Structures are given as C-alpha cells and as structure tokens.
Amino acid sequence: MQLIHGKTLGQWYETHPLIEDLVKLREATWFNPFVKKTDLALPEVGLTVDDIKDAAARLKRFSPYLAEVFPETRHQLGILESPLVAVPEYQKSLDKHYHSHSIGSLWLKLDSQLPISGSIKARGGIYEVLKHAEELAIAAGKLKLTDDYRLLAEPEFKAFFSQYSVAVGSTGNLGLSIGIMSAQLGFKASVHMSADARQWKKDKLRAHGVTVVEYESDYSEAVAKGRKESENDPMCYFVDDENSKSLFLGYAVAAYRLAGQLQALSVKVDSEHPLFVYLPCGVGGGPGGVAFGLKAQFGDDVHCIFSEPTHAPCMFLGVYTGLHDKTSVQDFSIDNLTAADGLAVGRPSGFVGKAMQHLLDGYFTLDDDEMYQLLALLARCEKIYIEPSAAAGIPGIYEVLKDKQYLQRMAFSQKQLQQATHIAWVTGGSMVPDTEMNQYIAKGEKFLSESV
Ligand SMILES: *Cc1c(COP(=O)(O)O)cnc(C)c1O
C-alpha cells in the first residue's frame, strides 16, 4: 500500500474526511474551527501594521513616476487601485442560478480592472519591483526618499537599472506584472512561465522586451527553475512568489484602500455589520496579503474565505492537513489541471499557510465549469468581463449562508446576516483579448443552457 506522508489514503479519509471530496474532485467546503481572535492570531504573521504603512508610503513615493510612465494611471495620480461595485442584478440572477435566496449585499472588488497588468498581481508584483529598484538606487547614492521619483524615468536611471536583472516564475499574471514593470524601469527581465500560461500573456511580455522561458511543467517547477537560474547570477533578483514578504505587503495595502472605499459608499463594517470577503487562491500570496491587510484593518468584523479550483486545492489541503508546503495536490493524485490558470498551483506557499491559518475562516473549491457560468452571467448582467480564475470567489456568499454549523459557531444573528456585506474579489481579466473572452463567455453560456 502506498503511503502519503506516512498514511494510506484510506487512513487520510478517516482522519480528514474532506480529503475524499478533494481527491474525487467534488466541490468541498471547510470552515476552520481552529481560527482565533484577530488580536491573538495577527502577531503570528510576523509582520505588522507598520509594515503595511511602510508599503503604502513607498507606493505613494512612486506614484508620480507611475503617472508619468503609465499614462493610463494619470487620472488616479499613479495610485493603482480598482473599483468596488454593488451588483444587485447579478445577485438576483445568482440566486436563481443557485436556487437560493441570499441575504446581505453582494459587491465585487474589480482588480480585473487594475491598470498596467489587469489583475491582482498589479498590487504585489509591481510593488516588489519598485521596492527593489528603490533599494538599488538608494544604495548607489542616486536617490533619496525625499526626491521626486519622476527622476527614475530619466535615461540615466534606465542605464543604471539595465546592469541588473529581475526574474520570476509564473502562471501568467505575476509574470505580466513583474515583466512590464521591470522592463519599464530598464531592468533585464525574464519570466519563467508554467504550461498553463496563456499565449497572449507571453506575447505581450515579449512585446515589452521581456525574455519569456516556457516550461511543459507546472508552476512549482517554473519557480524552481527560475530560482535556480538566478542563484548563479549576483546581478539578478528573483521574485519568490512562494515566500516573498514584499509581495505580501504590496497586496496588503489593498485593505486600507478598501476601507476608504467602503466609507465613501456609507457601507458600515462593525460587529453588527459583518464583512465577508472571498478571495481566489493560487499559491496564496495575493489572497493572503489582502486578508492580512483586512484583518489588520477590520479585526474580528471581517471574515476571509479562500476559493480554489477542484483540480488545484493546494491551500485547502495544506492547511486542512497541517502539512502546508510539505505537500502538494499531486501527492494525493489531484492533477492541478484547470482552466483557472491564475490558480493552477499544486503546492501552497508555506509562509502564507502558516502565517494566516488562524485568521482565515474557511476554504472552498469549485468546478471549472462553474467559473465559466459565473463569468458568463456576469457579462450578461453587468457587462463586466473577467477571466475564469477571477470568478472563483463569487459563490462564497452561498457557501457561508448555507453552512449552518459555521453560522452557529460564529453566533451570527439573522439581523447581522441581513446587514452583512459580501465582497467577491474579482482578480483579473480586463486585458484578455476579445476573441479569448468571447470563447470564455460562449463556454459559460453553453454550460448555463445545459444546466436549466
Ligand atoms: C495569481 C492570481 C490569483 C491568486 O494569487 P496567488 O498569490 O497565486 O494566490 C487569483 N486570481 C488571479 C487572476 C491571479 O492571477
């Protein structure tokens, strides 16, 4: 009998019954009974509110530069932020789709529309490249924190950065963000792309002068190869998506901005008005960083839930078994093959899983077919166009409302649920070429028509 981390599959099913659903690719939900109060669990992260403030201040220093070199960011003065929108019509059609009657209000946070790279990776990825550039320029005595960073657009700086290179492993969107930003600053950039990466993302990067290395293997392999190649080159900086604290903090800044947006829209978040946030999860850095920021901002009043494809439930598996990055979905014969390319990750970040496990209320998985239906319905109802990965968080509101055990454990009253705000973090899609987007929608429409 073959053992997986010391146990047979049958033994795993006995000690961890949800593993059977994961292995059999059935949609599954787990609300973690071991979550802790925010003030106890937040220190486990090893990063603080001051670290988030430092990241926000760095992004502010760079904003004049970004407005200068990326004209599409000018109307936000170089602050890369996305809209938060209410979607009452969509919520109604989702109710119909799920034969349900949801209470509370559903909103979408449209990171799909973030400038420069059109996905949540424009937060962490761009932030980490900027931080690296700042450190190099300051160490060389060429830049002070008080300077006008538009300076960095000068040919002198491009020449300076061109001595250095930046590398990353990616399923697509991180590569897009790191590659475009690095190339703009003048770095030599190389992106190691997993087999899932879409052709148009590779083409776009090459058009920006980025070196794209393609692999037949999955994300973890692409990262390992990229890391290895960079190790031998002292002038090369490797963005380590599996462990990076910089990426994580870049994502965390989103929560502070969201707090401002909610306030501007008169949406209350307090113990009587809980906030639920649903985050599509790949390796975990993006959703983990955003959730860290949210917990730092809203404490016990916010409930963060991760969602993953049935074929790539790496974070669910890692936290549920306690094995974190010691295991991969492949260890349990789950194939990591999904149309949700942004989430096609077999092994979770060890850093994020361990740091965040007591702060995340739950995890759920959904089928690829479901993601297509959700994106087609969204296009139909709201004319918002997103990629499959980005739809993964949308069913979260139904997962919460139907789980009596979770609701009871959290002691939510009917009134609190009625007053709750649910935000599905919609993580990418505005840059998907029209022909590809039309295929996504057609696929979703087909599944929808078959399911009635
Ligand atoms: C990368 C990505 C995610 C998840 O981020 P991770 O840091 O990999 O967990 C979600 N959605 C999209 C569209 C992505 O590109």
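Computed from a predicted model, the values in this text were never measured in an experiment.

**Q** Explanation requested: the site of the ligand in the structure shown.
**A** The local shell around the ligand holds 16 residues, among which Lys 121, Asn 173, Gly 284, Gly 286 and Thr 427 are the closest. With respect to the ligand, the side chain of Thr 427 contributes an N or O atom lying 2.6 Å from a nitrogen atom. Contact with the protein chains removes 99% of the 380 Å² of surface that the ligand exposes when unbound. Of the residues in the shell around the ligand, the class split is five nonpolar, nine polar and two charged.

**Q** What am I meant to see in the UniProt feature "modified residue: N6-(pyridoxal phosphate)lysine" (unreviewed entry) in the protein chain here?
**A** Look at the UniProt record and you will see "modified residue: N6-(pyridoxal phosphate)lysine" (unreviewed entry) annotated at Lys 121. Relative to the helices and strands, Lys 121 is located in helix H6 (residues 121-139). Note on Lys 121: relative accessible area 14%, which makes it buried. Look past the residues within four positions of Lys 121 in its chain and what remains in contact with it is Ile 126, Asn 173, Leu 174, Ser 177 and Tyr 251.

**Q** Would you mind showing me how to read the environment of Leu 42 here?
**A** Counting through the fold element by element, Leu 42 comes out in the loop between helix H3 (38-41) and helix H4 (49-69). In this structure Leu 42 comes out as buried when scored by relative accessible area, which is 15%. Setting aside chain neighbours within four positions, we find Leu 42 in contact with Leu 47, Phe 292, Lys 295, Ala 296 and Leu 359.

**Q** Mind showing me how you'd approach helix H19 (residues 434-451) here?
**A** Quick reminder: α-helices carry 3.6 residues per turn. Residues three or four places apart thus point the same way. The end-to-end C-alpha separation of H19 is 26 Å, in line with the 26 Å expected for 18 residues at 1.5 Å each. Within the sequence span of H19, burial applies to Glu 436, Met 437, Tyr 440, Ile 441, Gly 444, Phe 447 and Leu 448. Axial view of H19: buried residues confined to an arc of 135°, hence all on one face. Pointing more than 90 degrees away from the buried face of H19 are the exposed residues Asp 434, Thr 435, Asn 438, Gln 439 and Glu 450. Tucked inside the fold, the buried residues of H19 contact helix H5 (88-97), helix H9 (199-207) and helix H15 (368-382).

**Q** Any chance you could explain the nonpolar core here in plain terms?
**A** Nonpolar side chains in soluble globular proteins tend to end up buried together. Counting residues in hydrophobic clusters, the biggest one holds 157 residues, and the most contacted among them are Phe 161, Phe 292 and Met 356. Of all the elements, helix H11 (residues 245-264) adds the most residues to this core, at eleven residues. Of the residues that make up this core, three or more belong to each of domain 1 (9-117 + 246-451) and domain 2 (121-241). Once residues lying within four places of it in the same chain are set aside, the contact partners of Met 356 are Val 45, Phe 248, Gly 288, Ala 291 and Phe 292.

**Q** Sorry if this is basic, but what is going on with the UniProt feature "domain: Tryptophan synthase beta chain-like PALP" (unreviewed entry) in the protein chain here?
**A** As annotated in UniProt, the feature "domain: Tryptophan synthase beta chain-like PALP" (unreviewed entry) corresponds to residues 82-403 in the numbering used here. Note that residues 82-403 is 44% helix and 15% strand, and that its end C-alpha atoms are spaced 31 Å apart.

**Q** Got a minute to help me understand the packing of H15 against H19 in this structure?
**A** Each pair of packed helices can be summarised by the angle the axes make with each other and by the distance between the axes. One can describe the packing of H15 onto H19 by two numbers: an axis separation of 7 Å at closest approach and a directional angle of 105°. In terms of orientation, H15 and H19 fall into the roughly perpendicular class. Residues Asp 369, Tyr 372, Gln 373, Leu 375, Ala 376, Leu 377, Ala 379 and Arg 380 of H15 pack against Tyr 440, Ile 441, Lys 443, Gly 444, Glu 445, Phe 447, Leu 448 and Ser 451 of H19.

**Q** Can you walk me through the packing of aromatic side chains in this structure?
**A** The description of an aromatic ring pair uses the distance of the two centres, along with the angle that the planes make with each other. Under the criterion given, the structure shown has 21 aromatic pairs. For the ring pair Trp 30 and Phe 316, a centre distance of 6.3 Å and an interplane angle of 25° mean the geometry is stacked. Within this pair, whereas Trp 30 is found in strand S1 (residues 29-31), its partner Phe 316 is found in helix H13 (residues 314-321), the two being separated by 286 residues in sequence. Across the pair, Phe 316 and Trp 30 agree in class, each one buried. Taking 5.2 Å as the distance between ring centres and 55° as the angle between the ring planes, the aromatic pair formed by Phe 160 and Phe 161 counts as tilted. You can call Phe 160 buried: its relative accessible area is 10%. Following the ring pairs from residue to residue traces out a cluster consisting of Trp 30, Phe 306, Phe 316, Tyr 320 and Tyr 363. Sitting over the ring of Trp 12, Lys 7 keeps its end group 4.0 Å from the ring centre. Sitting over the ring of Phe 157, Lys 142 keeps its end group 5.5 Å from the ring centre.

**Q** Would you take a moment to explain the pattern of salt bridges for this structure?
**A** Any two side chains of opposite charge can pair, on the condition that their charged atoms come close. A full pass over the atoms with the stated rule returns 27 salt bridges. Here Glu 214 and Lys 202 are joined by a salt bridge, their closest N and O atoms 2.8 Å apart. With Glu 214 in strand S6 (residues 211-214) and Lys 202 in helix H9, this pair connects stretches of sequence that are twelve residues apart. We classify Glu 214 as partly exposed; its relative accessible area is 43%. Given a relative accessible area of 8%, Lys 202 falls into the buried group. For Glu 242, the salt bridge goes to Arg 227, with nearest N and O atoms at 2.9 Å. Remark: Arg 227 occurs in helix H10 (residues 219-231) and Glu 242 occurs in the loop between strand S7 (236-239) and H11; sequence separation between them is 15 residues. Relative accessible area serves as the criterion here: at 13%, Glu 242 is assigned to the buried category.

Procedures and definitions
Residues numbered from 1 in each chain as written. Predicted model: local features only at pLDDT ≥ 70, side-chain atom pairs only at ≥ 80, totals over all residues. Heavy atoms only, no water. Near = heavy atom within 4 Å. Polar contact = N/O pair within 3.5 Å; in protein donor to acceptor, adjacent residues only side chain to side chain. Areas by Shrake-Rupley, 256 points an atom, 1.4 Å probe, with all protein chains shown as cover. Nonpolar A, V, L, I, M, F, W, Y, C, P; charged D, E, K, R; others polar. UniProt positions renumbered as here; feature names shortened; annotations may be inferred. Helix = DSSP H or I, 4+ residues; strand = E, 2+ residues; numbered from the N terminus. Buried < 20%, exposed > 50% of the residue type's maximum accessible area, 1.4 Å probe, protein only. Contact = heavy atoms within 4.5 Å. Expected span 1.5 Å × (residues − 1). Arc of directions from axis to C-beta. Core = buried A, V, L, I, M, F, W, Y, C linked by side-chain atoms within 4.5 Å. Domains from an automatic or database assignment. Axes fitted to C-alpha atoms, helices over the stretch in contact; angles between N-to-C directions. Parallel < 35°, antiparallel > 145°, perpendicular 65-115°, else oblique. Phe/Tyr/Trp six-rings, centres within 6.5 Å; stacked < 30°, edge-to-face > 60°. Lys NZ or Arg CZ within 6 Å of the ring centre and 35° of its normal. Salt bridge = Lys/Arg side-chain N within 4 Å of Asp/Glu carboxyl O.

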